[in-house]
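Summary of the model geometry
These are the residues of each chain, in order.
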Amino acid sequence: MLAKVAIVGRPNVGKSTLFNRIIGQRLSITDDQPGVTRDRIYSKGSWLGKEFFVIDTGGIELSDAPFLTEIKAQAEIAMDEADVIIFVVDCRSGVTDDDIYISKLLYKTNKPVLLAVNKVDDQKFKENIYDFYSLGFGEPIPTSSAHGIGIGNLLDKVLENIKESSFKEDDDAIKFCLIGRPNVGKSSLTNTLLNDNRVIVSDVAGTTRDTIDTRFKSNGKEYVVIDTAGLKKRGKIYENVDKYSVIRSIDAIIRSDVVVLVLDASTGIIDQDLHVGQYLDEYNKACIIVVNKWDLVDKDSKTMQKWIDDIKEKFKYLDYAPIVFLSAKENKRVQTLIPAIEQAYIAYHTRIQTSVLNDIISDACLMFPASEFNGGKISIYYVSQVGIEPPTFSFFVNNPKFLHFSYYRYLENQIRKNFDFYATPIKLEFRKRD
């Protein structure tokens, strides 16, 4: 596992801006409103050819702010995980009671702590840098996260405090993300999979605002689970924070191998679930549908089948997706999810031998020839698989306009019937043969 660098400090000192600057992308949400970051956020950063994980954390403070206990707990976990800690303070405000409070927490970690005095681009307050010697972490490092000032000096110090052996990593992990509308139990499911209070769980919808990546092992295999913010209807995305959360969730879908769509069994399927499901169809990802909170449903021998029929009816565009029933809170049937994710990952990367594929399609065309459409009948001369993620097949034909949609579905079903494409979409492309 690569070395970890945690960024801590009170709210609104520029921790998330520094995080984004180090990793080279705008992953963590930044806003003038304090307290936007609540969970700890992981991403990979690099400096001078050396890679390491960077952890952004929520702001720690003494006041009675919402989620303060949970935010502090997340920050403390990040400190415990970290090899090096960057303590960010604000040059403009000088040393505050919150800074002193955080200093006392950092003393207990016995970890290397680098003191980054941020926002030094404001010349009026530059003299305040010397006040931070009083915190007891040696020479302060002047920085401006927004303008990139001093970031190189800071990262030089980071590398000095990391062992050379901690810069190497084999990354064959299976990445999967959990998506769904707010409050369906995505964070609870993440914590249950990890056997750890990794993300903040609350009955308040919208507690998770960032995407959160966590690595773990199961049966000797490496996984990365990405918890995402609850996706809202476009008409209900009022704040910049909500808008960026949606962007992060879509980014999580794009970089995942498998996407897990989480539904809430206690409320049933609503329109917003269907809206979220369309993202999976749009980005052609392997998909598993999870019905969470199954413990809250009054069940008889027909309940599960009724749910399956309802899902198949309402999510017709995800007819390839298997359905898993579980209760994250009660840790019931959760163990069935990881094997399903592994199987979906394998199918998403499957390649079919060309000769075998052509035999299957040739037999299918003989068994059920195409009907006339648009002034002609389609003739298939040759087919080959041209890609994975998702598996993509190129059909060379006399004229693509002769293809009726029903025959497209027939050919797709024949491929699925003969090869195991569990949980994954497949794409068929039709080209005129030169």
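Residues numbered from 1 in each chain as written. Predicted model: local features only at pLDDT ≥ 70, side-chain atom pairs only at ≥ 80, totals over all residues. Heavy atoms only, no water.

Re the overall build of the chain
For the chain, the helix and strand inventory stands at 11 helices and 15 strands. Put simply, the chain has 434 residues, and 54% of those count as buried. Surface accessibility of the chain: about 20000 Å² in total, with carbon and sulfur atoms responsible for 47%. (Helix = DSSP H or I, 4+ residues; strand = E, 2+ residues; numbered from the N terminus. Buried < 20%, exposed > 50% of the residue type's maximum accessible area, 1.4 Å probe, protein only. Areas by Shrake-Rupley, 256 points an atom, 1.4 Å probe, with all protein chains shown as cover.)

A short note on the pairing of strand 9 (residues 221-227)
Strand 9 sits mainly inside the fold: 5 of its 7 residues count as buried. Pairing geometry for strand 7 (residues 174-179) and strand 9, over 5 bridges, is parallel. Paired with Ile174 across the strands is Tyr223, a residue of strand 9. (Pairing = 2+ DSSP bridges.)

Overview of the sheet that holds strand 15 (residues 427-432)
Here we have 3 strands laid out as an open sheet, ordered 13-14-15, and mixed in their pairing. Strands at the two margins of the open sheet, each flanked by one partner only, are strand 13 (380-387) and strand 15. On average, adjacent strands in this sheet sit at an angle of 25° to one another, irrespective of strand direction. Direction of pairing for strand 13 relative to strand 14 (residues 392-397): antiparallel, over a ladder of 6 bridges. Among the inter-strand pairings, Ile380 is bridged to a residue of strand 14, identified as Val397. The sheet contacts of helix 10 (residues 354-367) involve strand 13 and strand 14, and relative to strand 13 the element is tilted by about 135°. Packed onto the sheet, helix 11 (residues 405-418) meets strand 13, strand 14 and strand 15 and runs at close to 125° relative to strand 15. (Axes fitted to C-alpha atoms, helices over the stretch in contact; angles between N-to-C directions. Contact = heavy atoms within 4.5 Å.)

Side note on the packing of aromatic side chains
Scanning the model with the defined rule gives 16 aromatic pairs in all. Ring centres 5.9 Å apart and planes at 85° place the aromatic pair Phe87 and Phe137 in the edge-to-face group. With Phe87 in strand 4 (residues 84-90) and Phe137 in the loop between strand 5 (113-118) and strand 6 (141-142), this residue pair connects regions lying 50 residues apart in the sequence. In this structure, Phe87 and Phe137 share a single accessibility class: buried. Between Phe176 and Phe216, the aromatic rings sit 6.2 Å apart at their centres with planes inclined by 85°, giving edge-to-face as the arrangement. (Phe/Tyr/Trp six-rings, centres within 6.5 Å; stacked < 30°, edge-to-face > 60°.)

Focus on unusual backbone geometry
For the bond from Glu389 to Pro390, the omega torsion is 0°, close enough to zero to count as cis. A positive phi angle is found at Lys293, which is not glycine, with a value near 60°. Along the chain, Lys293 turns up in the loop between strand 11 (286-292) and helix 8 (303-314). If you check the backbone angles, Glu389 has positive phi at about 55° while not being a glycine.

What about the pattern of salt bridges?
Enumeration according to the criterion identifies 13 salt bridges in this entry. Residue Glu222 is joined to Arg215 by a salt bridge in which the shortest nitrogen-to-oxygen separation is 3.8 Å. A salt bridge links Glu412 to Arg409, with the shortest nitrogen-to-oxygen separation between them at 3.4 Å. Highlighted residues: Glu412 and Arg409, both in helix 11, separated by 3 residues, approximately one helical turn. A relative accessible area of 10% means that Glu412 is categorised as buried. Judged by relative accessible area, which is 28%, Arg409 ranks as partly exposed. (Salt bridge = Lys/Arg side-chain N within 4 Å of Asp/Glu carboxyl O.)

Describing helix 8
Helix length check: helix 8, at 12 residues, gives a terminal C-alpha distance of 17 Å against a target of 16 Å (1.5 Å per residue), a fit within 8%. All of the buried residues in helix 8 are Thr303, Trp307 and Ile311. Take helix 8 and look down its axis: the buried residues cluster within an arc of 70°, on one side only. Of the surrounding secondary structure, the elements contacted by the buried residues of helix 8 are strand 10 (258-264), strand 11 and strand 12 (323-325). (Expected span 1.5 Å × (residues − 1). Arc of directions from axis to C-beta.)

Considering the environment of Val120
For Val120, the location among the structural elements is in the loop between strand 5 and strand 6. With 22 residues separating them along the chain, Val120 and Pro142 place their C-alpha atoms 6.2 Å apart. Beyond its immediate chain neighbours, meaning those up to four positions away, Val120 contacts Cys91, Lys126, Ile129, Pro142, Thr143, Ser144 and Ile149.

With respect to the sheet that holds strand 1 (residues 4-8)
Taking strand neighbours across the sheet as the criterion, the 6 strands line up as 2-3-1-4-5-6 in an open arrangement whose pairing is mixed. Looking at which strands have only one partner, the edges of the open sheet turn out to be strand 2 (41-47) and strand 6. Sheet topology note: the strand 4/strand 5 ladder contains 6 bridges and is parallel. The residue bridging Val88 from the neighbouring strand is Ala116, located in strand 5.

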